[in-house]
Amino acid sequence: MTITTKTAQLIAPYGGKLVDLMAPAETLPERRAYASRLPSITLSARAECDLELLAVGAFSPLDRFMGQADLQRVLDEMRLANGYLFPMPITLPITPSFDVKVGQDIALRSANNDLLAIMTVEEMYGWNMAEMARKAFGTLDLRHPLVTEMHRWGPINISGPLQVLALPDHYDFKELRLTPAQVRQRLLAFGHNNVVAFQTRNPLHRVHEELTKRAIAEVDGVLLLHPVVGLTKPGDVDHYTRVRTYTALAENHYDPDRILLALLPLAMRMGGPREAVWHAIIRRNYGANHLIVGRDHAGPGNDSQGNPIYGPYDAQDLVSAHSQELGVKAVPFEMLVYLPDEDRYEEQGKVSRDARIASISGTQVRDNYLAAGRPLPEWFTRPEVAEILAESYPPMHKQGFCVWLTGLSASGKSATAEILTVLLQEHGRQTTLLDGAVVRTHLSEGLGYDKNARDANVRRMGFVAAEIVRHGGGVICAAVSPYRAARNDVRNMVGRENYIEVFVDTPLEVCEQRDTQGMYAKARRGEIKGFTGIDDPYEAPQHPEIHLDGANGDPESNARRILALLLERKFVRPLPTARRNGHA
């Protein structure tokens, strides 16, 4: 099936037509009045993105958050219950509530309490976190950001028909926020049958520009430059910076008759191969019949052992295997290299062995250029893009960082953190100290000490730390933080490149000897319940950036070990030579 005009034919939406869940305009006053009397739930940022894309048909033929039959078949076979290929679970998990029952209508609201939709609850069912992590994402490793996130999802999924009354508000780049129907209308006007989509969550360098231009020429079509502006990988370049770079490139370095820039408010899952197939379905709904599939497409990086979670070409292989059914052809991201003597890019496999090659790795971009305040060379990045990146990413000593000290109570975390704060001030870095006990008093008063309460306290602390880091500040956090999932949540909130986990490893018996407040003794006598290390577990970090000996290492020497790593990573600048040598 195709959509036709006099000049072009676009591939039909997946399933034949775009799903449209928007309530008719004439019914909105009555629907809003009705919704104001309904029990409501607040959507997460992820669920808001999902609702928006469900409403406008980007997930066609899916027309709701998945029910149990859809979810199970997606996990087992990458298909909806009706047989359509669909690899990614799209669910709405909630915490059980007496206000939400099968057969009733509920209102769905944003975090700002804006009314978004009415759902008629047809299903409420439990789900298995380990099963979803293993089947959909191929790992239980907590370094996978979505696996970590799932630990805080509610245990019950709900599903049912949706009446969407309003899309989430977006005040940025409004002219680029186009629905699938709007994108299709604009693509038709170009007059080309073929559309190649480029999935991007990073700034575009010259190699990406060259690749996309070759793809346009190869298919004799139009480029749909379609960056994700919802949730991406923690630590990614923010979408404001990215979209500014895309706009500069689209306006200055592409044929305006061969490119359409539009934004996609997608909440990525970092699901690798399955996600690549999902991206192909989404781009088909926007009118594309080709998708550039990158190396380790939508990959989350390495696991806690330092190994890649997905293979570099797994995503390309899976999209290609389903290309005929999808109606979307995978365009592999070829490895291109720059030949300085010829001032051009060429496929790596076509370059002679004796040819001179210039290259800059992603690590070098970060460490040798942006972090050092050096401009990126023009052969690597367009000057307009380099300028935007330099503005958004200052040298490392002006970037934020978080040092997170974890260990048993009385392990020496707080003493080490206090000394480290002083040492950093000596080096000219004003740093915020967040101690677990102080945070409990001022941010988490009233929280209990069960697992959910402990995790909530850690995440609150992590949220504050992430905000400090985002604004270029240094923060030192000292908290027992006994559970790995919550600590990995904080790592993701802060961003992996700016987070340093420090395990203050002190044996329980030593902590008990140091305990001047007698808390361990009270726990031993049963006067305190749920005390970490006594009758509640402590999950030691498996791969911390620094492992300190809390029993034999004194707090100052431990603090100086952490300072040495901060110096090595250039978050802190060395003292002047004379002061380092002890001279006046």
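See above for the structure.
These numbers were taken from a predicted model, which means no experiment stands behind them.

Peer 1: Which residues make up unusual backbone geometry, and what values do they have?
Peer 2: Of note, the amide linkage connecting Ser 60 to Pro 61 takes the cis form, showing an omega dihedral of 10°. You can see Pro 61 is positioned in the loop between helix H2 (45-56) and helix H3 (68-77). Positive phi values are uncommon outside glycine, yet Asp 220 reaches one of about 50°. Positioned with a positive phi, Asp 296 is a non-glycine residue whose angle comes to about 50°. Given the relative accessible area of 25%, Asp 296 is considered partly exposed.

Peer 1: Could you give me a rundown of the packing of aromatic side chains, with the residues and numbers involved?
Peer 2: According to the stated counting rule, one finds nine aromatic pairs in the structure shown. Ring plane angle 10° and centroid distance 4.9 Å describe the contact between Tyr 338 and Trp 379, whose orientation is recorded as stacked. Linking Tyr 338 in strand E15 (residues 336-339) with Trp 379 in the loop between helix H12 (362-370) and helix H13 (383-392), this pair joins segments that are 41 residues apart in sequence. Using a relative accessible area of 8% as the deciding quantity, one classes Tyr 338 as buried. On the basis of relative accessibility, which here comes to 21%, the residue Trp 379 falls in the partly exposed class. With a centroid separation of 5.7 Å and an interplanar angle of 80°, the aromatic rings of Trp 379 and Phe 380 are classed as edge-to-face.

Peer 1: Before we move on, can you summarise the sheet that holds strand E11 (residues 222-227) with the specific residues and values?
Peer 2: With respect to topology, five strands assemble into an open sheet ordered E12-E11-E10-E13-E14, the strand pairing being parallel. Each having just a single partner strand, strand E12 (259-261) and strand E14 (329-332) make up the two edges of the open sheet. Taking each pair of neighbouring strands and ignoring which way they run, the sheet shows an average axis angle of 25°. Its contacts with the sheet place helix H7 (residues 206-219) against strand E10 (195-200), E11, strand E13 (290-293) and E14, and it is angled at close to 160° to E10. Strands in contact with helix H9 (residues 272-285) are E10, E11 and E13; relative to E13, the strand with the most contacts, it is inclined by about 150°.

Rules of the game
- Residues numbered from 1 in each chain as written.
- Predicted model: local features only at pLDDT ≥ 70, side-chain atom pairs only at ≥ 80, totals over all residues.
- Heavy atoms only, no water.
- Helix = DSSP H or I, 4+ residues; strand = E, 2+ residues; numbered from the N terminus.
- Buried < 20%, exposed > 50% of the residue type's maximum accessible area, 1.4 Å probe, protein only.
- Phe/Tyr/Trp six-rings, centres within 6.5 Å; stacked < 30°, edge-to-face > 60°.
- Pairing = 2+ DSSP bridges.
- Axes fitted to C-alpha atoms, helices over the stretch in contact; angles between N-to-C directions.
- Contact = heavy atoms within 4.5 Å.

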